[in-house]
Amino acid sequence: MTSRKYIDVHIIQTVPPANLNRDDQGNPKEAHFGGTRRSRVSSQAWKRATRLHFAERVPQQDLGTRTKRVAGKLTERIADTTGLDSATAARLSGALLAPLGITAGKKEGDTAYLFFYGRRQLDAVAALVQDRAAELAALDDADLAAEVKQLPVREAFRAGHPIDVALFGRMVADIPALNVDAAVQVAHALSTHTTELEFDYYTAVDDENEKEETGAGMIGTIGFNSATLYRYATIGLHQLVDNLSDEKSAAEAVTQFLTSFARAMPTGYQNSFAHHTLPRLVAVTVRTDQPVNLISAFEEPVTPGTGTHAGIAPASISRLAHEQLTAVRAWGDAPSFTAHCHTLSPEHGGTLDALEQAFGAARPFDTLLADLNTHLTGGEAR
């Protein structure tokens, strides 16, 4: 696939009192936008939540892992597959990683930075020495290095990227050959309205206090806010196909990402706030021109409406639909596919009409995913 194709994902989600993503003071992250203070959840926080969610749905061997212990993990693979003792396996592991230029960290067995790799990729590297392990282990360091230099170690790390590496990319600053361009970009989630930081004052009672003892065993505070968030991500399908080398696999990866991105939730202070919600709206567009973030719909903060727009979420959804319609009319960039899933009620008739004009017919989330997959693999847009 040579032509550019982008899948834009727009989500409106209401979150009750919560502290999803803390700043250096322990309070919910915020940002100024449109001249007012907004609740913010970093892209990193939601990307990690998304990765963890689809890690529960995809076989572990098909996923990547981010760790400094790549040398130790490779040592384990070599020892398991060859029967060598740990010290000898570690020597072969070090020799295999040397051509990559991966530098050692302060702790023995660690690398200097987190390395994002696929488990199958590590298996492929270990397999390079599996049949010759005893022979290679008998060589001195110079001869071992010379023999390993002839092996396609870099090719093994570049081939067969797992879904999460293909989606989120990999950067190794001092080894450009191992870099993988990310197919996904995720924006920081922002509240569609002005928010204020609040504090929960709490106490804990010492269960063993005597009756005459009064007061709390401890006192503390937790910062929190509540917000209706606009969340946005875009997937470069052309880049994803390049990373996975297969259009069908890329379309399936899009389905996995959308499922997890819509359902995942950062877990900051989750036990304290139980902030488990689902989106009020998920809208998807496929574009062949450029990605378009619709955050400009909320530069002027949303305020609670009346009548059919009562509540922040319905008013935010209405704003988003009109922003999409305005952008298409002004720029003439009509998407090749649109679809949405919402939880509005029939009383929001005007907003429902605008949604259908902006993002196509409403459909259940599973149907949206199936229709999108059909479109991406050569079917007709609905």
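A quick note: this is a predicted structure, and the numbers were derived from the prediction, not measured. (Residues numbered from 1 in each chain as written. Predicted model: local features only at pLDDT ≥ 70, side-chain atom pairs only at ≥ 80, totals over all residues. Heavy atoms only, no water.)

A. Seen up close, the nonpolar core. Formed by 56 residues in total, the largest nonpolar core has its most connected members in Ile 7, Trp 46, Leu 240, Val 254, Phe 257 and Leu 372. In contact with Val 254, not counting residues within four places along its chain, are Ile 7, Ile 235, Leu 237, Leu 240, Leu 372 and Leu 376. Core analysis: the next-biggest nonpolar cluster, separate from the first, contains 26 residues, Ile 78, Ala 95, Leu 136 and Leu 144 among them. (Core = buried A, V, L, I, M, F, W, Y, C linked by side-chain atoms within 4.5 Å. Buried < 20%, exposed > 50% of the residue type's maximum accessible area, 1.4 Å probe, protein only. Contact = heavy atoms within 4.5 Å.)

B. Expanded view of the pattern of salt bridges. Taken as a whole and judged by the stated rule, the model has seven salt bridges. With a shortest N-O distance of 2.7 Å, Arg 363 and Asp 371 are connected by a salt bridge. Connected through salt bridges with shared partners, the residues Arg 132, Glu 135 and Glu 147 form a single ionic network. (Salt bridge = Lys/Arg side-chain N within 4 Å of Asp/Glu carboxyl O.)

C. Molecular detail of the side chain of Arg 77. Mapped onto the elements, Arg 77 comes out in helix H2 (residues 70-82). With a relative accessible area of 19%, Arg 77 lands in the buried category. Once you skip the residues sitting within four places of it in the chain, Arg 77 turns out to touch Arg 119, Leu 122, Asp 123 and Ala 126. (Helix = DSSP H or I, 4+ residues; strand = E, 2+ residues; numbered from the N terminus.)

D. Main features of the side chain of Thr 36. Here Thr 36 shows up in strand S3 (residues 36-41). For Thr 36, the side chain forms a polar contact with the side chain of Arg 38, separated by 2.8 Å. Ignoring any residue separated from it by four or fewer positions in sequence, one finds Thr 36 in contact with Ala 31, Thr 194 and Pro 301. (Polar contact = N/O pair within 3.5 Å; in protein donor to acceptor, adjacent residues only side chain to side chain.)

E. Highlighting unusual backbone geometry. For Ser 245, which is not glycine, the phi dihedral falls at a positive 65 degrees. The topology assignment puts Ser 245 in the loop between helix H9 (237-244) and helix H10 (247-263). Taking the relative accessible area as the measure of exposure, Ser 245 reaches 65% and is therefore exposed. A positive phi angle, close to 50 degrees, is found at Tyr 269, a residue other than glycine. With respect to the helices and strands, the residue Tyr 269 is situated in the loop between H10 and helix H11 (270-273).

F. Structural view of helix H13 (residues 349-359). By the burial criterion, the buried members of H13 are Thr 351, Ala 354, Leu 355, Ala 358 and Phe 359. Across the axial projection of H13, the buried residues extend over an arc of 105 degrees, all falling on one side. Pointing more than 90 degrees away from the buried face of H13 are the exposed residues Gly 350 and Gln 357. At the C-terminal side of H13, Gly 360 shows a positive phi close to 75 degrees. (Arc of directions from axis to C-beta.)

G. Quick peek at helix H12 (residues 312-331). Here H12 is 20 residues long and its end C-alpha atoms lie 28 Å apart, about the 28 Å a rise of 1.5 Å per residue gives. Along H12, the residues classified as buried are Ile 312, Ala 313, Pro 314, Ala 315, Ser 316, Ile 317, Ser 318, Leu 320, Ala 321, Gln 324 and Leu 325. Taken from the residues just after H12, Gly 332 is the one with a positive phi, measuring 70 degrees. (Expected span 1.5 Å × (residues − 1).)

H. View of the confidence of the model for the protein chain. A residue-level look at the protein chain finds 90% of positions with pLDDT of 70 or above and a mean pLDDT of 86. Averaged over each element, pLDDT in the protein chain is lowest for strand S5 (residues 115-118) (72) and highest for strand S7 (residues 189-191) (97). (pLDDT = per-residue confidence, 0-100.)

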